[in-house]
Amino acid sequence: MYALIQKNQEEALDHARRGSRGETVPGGRGLQILYCEGERRYFLDAGRGFLVDRDYRTALGTGFYDRDLELDSLEEKLQAVRTLIVYGPRNVGKSELVRYFLAKKLSGGRLARILRRAVIIDARLKHAEPYLGRVGVDALRLAERLLDALGAPRGLVGLVEELASLAALPLTVFIDEFHLLIRGSLEDALAELEAAAGALSKRGEAKVRLVVSVSEGFFATSRAWRRLYGYSTSYMLVEPMNPQAFKPLYEEYRGKYGCNVDLNTFTRLAGTSPGYLVDLCPRSGKLLEEWLRERLNHLDTSLHAAAEAAGIGHRESIHVAAQLLAGRSIRDPRERRFIEKLVEENIAYPCIKQARYLPQLPLYAAAVEAAREAGLDDITQLAPEQLKLSRVEPKYCRE
Ligand SMILES: Nc1ncnc2c1ncn2[C@@H]1O[C@H](COP(=O)(O)OP(=O)(O)OP(=O)(O)O)[C@@H](O)[C@H]1O
Ligand SMILES: [Mg+2]
């Protein structure tokens with residue numbers, strides 16, 4: 001059951017029972033039903049704007065927070081295309097979102113036809129699992145067998161084609177971090193994905209749907225988009241969490257495991273991507289500074305690489321980065337090459353809707369702005385107090 005944070009659950013349920021999808025329930029508290037499935041009611045507290053599912057356990061060991069918009073968007077996109085690419089900043093919650101979606105949706109509802117069966121292939125662990133036991137044993141054996149073969153060229157196409165020819169379908173295949181399955185470069189992985197999307201789009205009936213999550217910015221570059229478009233594909237962006245929802249998640253996490261970094265410092269450094277809780281919470285003092293130095297080193301190396309790719313001098317590159325990461329749109333092809341390289345380097349991510357780019361961490365935007373202001377060429381020389389983290393307001397593509 002979903003719970004409303006800091007609300008009287010019984011009262012909320014009572015309101016919810018009387019409502020229907022998308023309807024604001026009378027009672028002056030702005031409760032909204034998101035969707036109904038039989039007796040189950042999923043609802044949103046419109047006043048606060050987020051959900052928490054306390055019955056679900058994430059890999060973090062907490063409930064599942066927020067993401068109602070993304071869950072809706074996943075549902076819509078899955079109905080429309082054969083291949084869905086889930087992308088977004090590192091640690092933002094892409095994998096958990098799809099897993100949660102599958103866990104909740106396999107039981108029925110509007111996607112019952114296409115989500116009767118699913119296989120999750122965890123590319124990191126090289127492991128295939130049938131979700132909620134709904135996949136025929138043969139399909140699972142096949143998935144595992146093919147998992148071994150995936151290193152071979154066109155292994156991914158082989159997998160989807162074999163699965164598509166099975167009788168007991170439709171089937172949704174979610175490959176988490178799919179590029180880790182493919183031996184070779186990211187370029188090779190993109191070629192595999194393109195071939196698999198092409199093969200699926202050519203089949204008459206939509207028996208197999210492929211959902212892949214990618215944590216490498218490489219797959220979110222416009223070059224990758226262009227390669228995949230036209231094959232019944234869609235991209236879905238997962239962004240850092242709503243700050244209002246992140247706060248109770250942070251508190252739940254801190255209550256369970258402790259956190260040395262206060263919420264304010266945490267969000268100014270790492271924003272609201274839940275994966276950084278594990279990374280940052282145990283740190284304080286020197287260890288926290290070490291994390292900061294590592295991020296600044298990575299930013300510095302990436303800026304050099306991007307400046308070189310775009311033919312921009314280093315000093316100018318800091319100015320351009322400061323402006324683009326603050327939300328200015330691209331002015332010329334050089335700037336496009338520059339920012340696309342920063343996407344590839346996992347510094348920025350594209351917000352297609354607003355035709356601009358956003359920083360993966362608020363720290364990156366603060367650092368380039370501070371270096372620009374101080375006239376510093378070397379970002380790694382920035383002292384923590386120079387960063388003026390409080391000046392960077394997080395921005396979202398969904399705004
Ligand atoms: N909505 C959520 N509520 C609570 N915890 C979450 C939520 N989303 C993700 N998490 C937790 O945050 C951590 C990072 O999530 P996840 O691994 O899904 O991120 P990711 O975007 O796939 O990361 P990567 O870039 O490494 O692929 C995980 O421990 C996960 O359990
Ligand atoms: Mg992931």
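What counts and how
- Residues numbered from 1 in each chain as written.
- Chains lettered and ligands numbered in written order.
- Predicted model: local features only at pLDDT ≥ 70, side-chain atom pairs only at ≥ 80, totals over all residues.
- Heavy atoms only, no water.
- 1 Å grid on protein atoms, 1.4 Å probe; cavity = no way out; pocket = protein on both sides within 12 Å on 5 of 7 lines; lining within 4 Å.
- Points joined across faces, edges and corners; volume = space filled by probe spheres on them.
- Helix = DSSP H or I, 4+ residues; strand = E, 2+ residues; numbered from the N terminus.
- Near = heavy atom within 4 Å.
- Polar contact = N/O pair within 3.5 Å; in protein donor to acceptor, adjacent residues only side chain to side chain.
- Areas by Shrake-Rupley, 256 points an atom, 1.4 Å probe, with all protein chains shown as cover.
- Sits in = over half its atoms within 2 Å of the grid points.
- Nonpolar A, V, L, I, M, F, W, Y, C, P; charged D, E, K, R; others polar.
- Buried < 20%, exposed > 50% of the residue type's maximum accessible area, 1.4 Å probe, protein only.
- Pairing = 2+ DSSP bridges.
- Donors = N, O, S within 2.8 Å, 3.2 Å for Na, K, Ca; no water.
- Core = buried A, V, L, I, M, F, W, Y, C linked by side-chain atoms within 4.5 Å.
- Domains from an automatic or database assignment.
- pLDDT = per-residue confidence, 0-100.
- Contact = heavy atoms within 4.5 Å.
- Axes fitted to C-alpha atoms, helices over the stretch in contact; angles between N-to-C directions.

Undergrad: Looking at this structure, how should I read the layout of surface pockets?
TA: Take a probe with the size of a water molecule and roll it over the atoms, and the empty space left behind shows itself. If you add up the space inside the largest pocket, you get close to 790 Å³. Around the largest pocket, the lining is made up of 28 residues, and of these Asn91, Gly93, Ser95, Glu96 and Gly275 lie nearest the centre. When contributions to the lining of the largest pocket are tallied by element, the ones reaching two or more residues are strand 4 (64-65) and helix 3 (94-105). For the second largest pocket, the calculated volume is near 390 Å³.

Undergrad: Mind showing me how you'd approach the site of ligand 1 here?
TA: Near ligand 1 you find 21 residues, and of these Tyr65, Lys94, Ser95, Glu96 and Glu177 are the closest. Backbone polar atom of tyrosine 65 to a nitrogen atom of ligand 1: 2.8 Å apart, as the coordinates give it. A distance of 2.9 Å is found between an oxygen atom of ligand 1 and a backbone nitrogen or oxygen belonging to glycine 93. Considered on its own, ligand 1 offers 620 Å² of accessible surface; in the complex 90% of this is hidden by protein. Put simply, ligand 1 lies in the largest pocket. Looking at the shell around ligand 1, the elements with two or more residues in it are strand 4 and helix 3. No other element matches the three residues that helix 3 contributes to the shell around ligand 1. Class assignment for the residues of the shell around ligand 1 results in seven nonpolar, eight polar and six charged.

Undergrad: I'm lost on the pairing of strand 10 (residues 233-237) in this one. Help?
TA: On a regular strand, one side chain projects to one face of the sheet and the next to the other, so that they alternate. Strand 10 sits mainly inside the fold: four of its five residues count as buried. Pairing geometry for strand 5 (residues 83-87) and strand 10, over five bridges, is parallel. Residue pairing for strand 10: threonine 83 is matched across the bridge by threonine 233.

Undergrad: Would you explain the coordination of the magnesium ion (ligand 2) in this entry?
TA: Expected angles at a metal are 109.5 degrees for tetrahedral coordination by four donors and either 90 or 180 degrees for octahedral coordination by six donors. Those protein atoms acting as donors to the magnesium ion (ligand 2) are Ser95 (OG) and Glu177 (OE), and they sit at 2.1 to 2.5 Å. Of this pair, serine 95 sits in helix 3 while glutamate 177 sits in the loop between strand 8 (171-176) and helix 6 (186-202); the two residues are 82 residues apart in sequence, bridging distant segments of the chain. Side by side, serine 95 and glutamate 177 carry an identical accessibility label, which is buried.

Undergrad: Just checking my understanding: could you explain the nonpolar core for this structure?
TA: Where a protein is soluble and globular, its nonpolar side chains tend to be buried together. With 93 residues, the main nonpolar core has Ile175, Phe178, Phe338 and Ile379 as its most contacted residues. Per element, the largest residue contribution to this core is nine residues, and it comes from helix 11 (residues 285-310). Shared between two domains, this core holds at least three residues of each, these being domain 2 (67-237) and domain 3 (284-391). Listed in part, the 22 residues of the second largest apolar core include Tyr56, Val86, Leu97 and Ala103.

Undergrad: I'm lost on the confidence of the model for the protein in this one. Help?
TA: Any segment with low pLDDT has predicted coordinates that should not be analysed in fine detail. Averaged over all residues, the pLDDT of the protein is 83; the fraction at 70 or higher stands at 80%. Within the protein, strand 1 (residues 31-37) has the poorest average pLDDT of any element, 47, and helix 10 (residues 276-280) the best, 97. Here residues 1-9 is a poorly scored stretch, pLDDT under 50, and it has 31 contacts once near neighbours within four places are set aside; other chains count. In this model residues 19-47 is a low-confidence stretch, pLDDT under 50, and it forms 79 contacts with partners more than four residues away in sequence or in other chains.

Undergrad: What is the right way to read the sheet that holds strand 6 (residues 118-122) from this model?
TA: The six strands are arranged 7-6-8-9-5-10 in an open sheet whose pairing can be described as mixed. Edge positions in the sheet fall to strand 7 (127-130) and strand 10, since each has one partner strand and no second. Across this sheet, the average inter-strand angle for adjacent strands is 15 degrees, counted without regard to direction. The strands touched by helix 6 within the sheet are strand 5, strand 9 (208-213) and strand 10, with strand 9 carrying the most contacts at an inclination of about 155 degrees.

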